Every structure is written in structure tokens, then in C-alpha cells.
Amino acid sequence: MSFKSFLKNSDVAFVLKMVLLAVIIVVVLAVAALLWLDKYTHHGDEVIVPDVVNSYVEEASILAGAEGLHLQIADTTYNRRFKLGSIVEQKPAANSRTKRGGDLYVIVNAKTVQQVPLPNLRDISFRQAEATLRSIGLALGEVTYQPSEYKNLVLDVRKDGEAVNAGQRFPEGTTIDLVVGLGSGTEETVAPNLLGKTPDQARAILLAKKLSLGGIHYDAEETDDNRDLFVIYAQNPSPDAYIREGAHIDIYVTTDQAKAQAAADEMAQDEFFEDTF
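Described in the following lines is the structure provided in the data block. These numbers were taken from a predicted model, which means no experiment stands behind them.

### Examining helix 4 (residues 126–135)
In an α-helix, one turn spans 3.6 residues; hence positions three or four apart end up facing the same way. Buried residues of helix 4: F126, A129, E130 and L133, and no others. Down the axis of helix 4, the buried set is contained in an arc of 100°. They therefore lie on one face. Residues of helix 4 that are exposed and point over 90 degrees away from its buried face: R127 and S135. Where the residues of helix 4 are buried, they touch strand 7 (139–146), strand 8 (154–159) and strand 11 (175–181).

Given below as C-alpha cells:
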């Protein structure tokens, strides 16, 4: 029997034919898969990434789509250097090359201005107050100097001429004015009567007379619920005492209105007898 006849009639020949057929099928499938994958991944089909920074999402989506890219919002942030609602960052970078059909990731600026809580700037140094304002995104406005016991100490914080308090919220970039101590003056003045006033009212009265508010002494624990109820029932120096411009006055506060009224009545009575006799 010849070799050709053997291959033609034996089981080995059948197996070899099946193996060869399987190899051919695998090769054909592999080539087809590679061709499909190449087309699916756009191998060699690159585009230039458009610059979408400072554009709005709607505009950027059109620009990306024109290059066969899909716009994806990765995150939001707030950056006052960019327009509200505009794109502040993109990846891949503008003018770089990427595959057609890929994703263009962007970070979008918030659509509203961030509100910043004002920290407590009173009774700290001017330099510290200035640095604090800048660090939280607020701007330093007008700086007014007044005689005070301590030089370069922040006496008051204002916005548009009105005193503002820690915790109030302002849009980022808002200008905040400061009243800063110039050191003790040489002129004498009379201590005003602060009895019955709130600490905020007392601060405004003292600043108008070129004086500063010293320590605040509470006869009860201060809480969020009673913070606005405290009024002054005693002060040191006492009303009508002669003090130097820039000096500070300590106040003693209570939520007991009767206690504050009794102190005010006693003061009025003393003044009456002094004027009478």
C-alpha cells in the first residue's frame, strides 16, 4: 500500500484533515476578530482634542461631537476665575491626539457663587485678619484706624458701613472693611453708659467715641438659644468716668432683664442725686 493510499483510507488521514480544518477556522476567526477589534477601537483613527475650557457644557458637547468624542462630566467645583457653569478643566488636554469615539472628561464650575461664612476677626491682629480673609476667598476693603489700647488690633468688622458678625455668609469675593487700633490716644473722653445695651450695641457706641470693647463677662453660659438675649448690667470703667481715647471697657452681661433694669435704675438714681446735690 502506497503512502498516498494510506493517507486516503486510514483514520489518521481523517484526523489530520480535521486538525487542518480546525486550524484554518481558528486562523480565519482570529483575523476576523482582529479586523473587527481594529474597527471598533478606531485603531489608527485619531482626532485632535478640541479646547473646551471656559466653554459651557452645551457648547463643549457640540465641539466634542464634531470630532467623534463623547463629553463626560467628571466633577464639579467652584473657581471664581471662571464663568459660572463653564468648564474649568478637561482631559485629554486641548490639542492633544486621542482615538475617535473616546471620552472627553471635563470638570464644570458651579452655577452659583459659593457662600463663605465670616470667621471671627475681632480682637486679632490686622495681619492675621487680612490673611484669613484672603484664605477663605473674601477681599480686604477699607481699613480705618482708631485710637485703641492695643496697636494693630482689629476692633470692628464692617460691610457697607454696617457691623457684621462671625458666622454671617457672604458671596466669595465680597469686600470686608476693618476698623484697626492705632494705639492709645492722648485725649481724654467720658465712658458712655452701656447699661441695658447688647454687646453689639455697646461695640458700636464705643467705636463712635474712639474706645474699644474689652472683656465680656457672662453670668450664665452662652448658648445658641440665648446668645441674642444678653444685655449689659455692669461695666468697668463705670459710666461718666474719664478715660483716655483708645481705652477698653469691660462689660458684664445677663439674660435677666430685671437684673439689668435694676442696675440701670440705680445708675439713674445716682445721677439724679449727683445733679441735685
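Now, onward.
### Topic: the sheet that holds strand 13 (residues 212–218)
Working definition: the strands of a sheet are paired by backbone hydrogen bonds and lie parallel or antiparallel to each other. The strand order 13-16-14 describes an open sheet built from three strands, whose pairing is mixed. If you trace the sheet from one side to the other, it starts and ends with strand 13 and strand 14 (231–236), each paired once. With strand direction ignored, the average angle separating the axes of adjacent strands in the sheet is 35°. In terms of strand pairing, strand 14 meets strand 16 (residues 248–254) through five bridges, oriented antiparallel. Across the sheet, residue N236 finds its bridge partner in strand 16, namely D250.

### A word on the side chain of D156
Locating D156 in the fold gives a position in strand 8. Overall, D156 belongs to the buried group, its relative accessible area being 2%. Of the polar contacts made by the side chain of D156, one reaches the side chain of R122; its length is 2.8 Å. A distance of 3.1 Å separates the side chain of D156 from the side chain of R158, its partner in a polar contact. When near neighbours in sequence (up to four residues on either side) are disregarded, D156 contacts R122, A163, D177, L178, V179, R203 and L207.

### Some thoughts on the sheet that holds strand 7
Spatial ordering of the open sheet is given by 7-11-8-9, a layout of four strands whose pairing is mixed. Because the sheet does not close on itself, it has two edges, and the strands there are strand 7 and strand 9 (162–163). Note that strand 7 and strand 11 share six bridges and pair parallel. Residue pairing for strand 11: V143 is matched across the bridge by L178. The sheet strands contacting helix 5 (residues 199–208) are strand 7, strand 8 and strand 11, and the helix crosses strand 8 at an angle near 105°.

### Focus on the packing of aromatic side chains
Here the distance between the centres and the angle between the planes together describe a pair of aromatic rings. Under the definition given, this model contains one aromatic pair. Residues Y218 and F230 carry aromatic rings whose centres are separated by 4.9 Å and whose planes lie at 85° to one another, so their mutual orientation is edge-to-face. Taken as a pair, Y218 in strand 13 and F230 in the loop between strand 13 and strand 14 lie far apart in primary sequence, twelve residues in all. Exposure remark for Y218: the relative accessible area of 35% places this residue in the partly exposed category. Residue placement shows K259 over the ring face of Y233; its charged tip is 4.1 Å from the ring centre.

### Some details on the pattern of salt bridges
All told, the structure shown has nine salt bridges when counted by the stated rule. Among the salt bridges present, the one from D156 reaches R122, with a minimum N-O distance of 2.8 Å. Of this pair, D156 sits in strand 8 while R122 sits in the loop between strand 6 (115–117) and helix 4, and the two are 34 residues apart along the sequence. Taken as a pair, D156 and R122 share a single burial class, namely buried. With a shortest N-O distance of 3.0 Å, R227 and E222 are connected by a salt bridge. Given the relative accessible area of 40%, R227 is considered partly exposed. Residues joined by salt bridges that share partners form a network here, namely R122, D156 and R158.

### What about a nonpolar patch on the surface?
Among the surface-exposed residues, V19, V23, V27, V31 and L35 lie close enough to one another that they form a single nonpolar patch of about 430 Å² accessible area. Along the chain, the position of V23 falls in helix 2 (residues 11–40).

The rules behind each value
- Residues numbered from 1 in each chain as written.
- Predicted model: local features only at pLDDT ≥ 70, side-chain atom pairs only at ≥ 80, totals over all residues.
- Heavy atoms only, no water.
- Buried < 20%, exposed > 50% of the residue type's maximum accessible area, 1.4 Å probe, protein only.
- Helix = DSSP H or I, 4+ residues; strand = E, 2+ residues; numbered from the N terminus.
- Arc of directions from axis to C-beta.
- Contact = heavy atoms within 4.5 Å.
- Pairing = 2+ DSSP bridges.
- Axes fitted to C-alpha atoms, helices over the stretch in contact; angles between N-to-C directions.
- Polar contact = N/O pair within 3.5 Å; in protein donor to acceptor, adjacent residues only side chain to side chain.
- Phe/Tyr/Trp six-rings, centres within 6.5 Å; stacked < 30°, edge-to-face > 60°.
- Lys NZ or Arg CZ within 6 Å of the ring centre and 35° of its normal.
- Salt bridge = Lys/Arg side-chain N within 4 Å of Asp/Glu carboxyl O.
- Patch = residues over 30% accessible without salt bridge, like charges linked within 9 Å, V, L, I, M, F, W, Y side chains within 5 Å.
- Areas by Shrake-Rupley, 256 points an atom, 1.4 Å probe, with all protein chains shown as cover.

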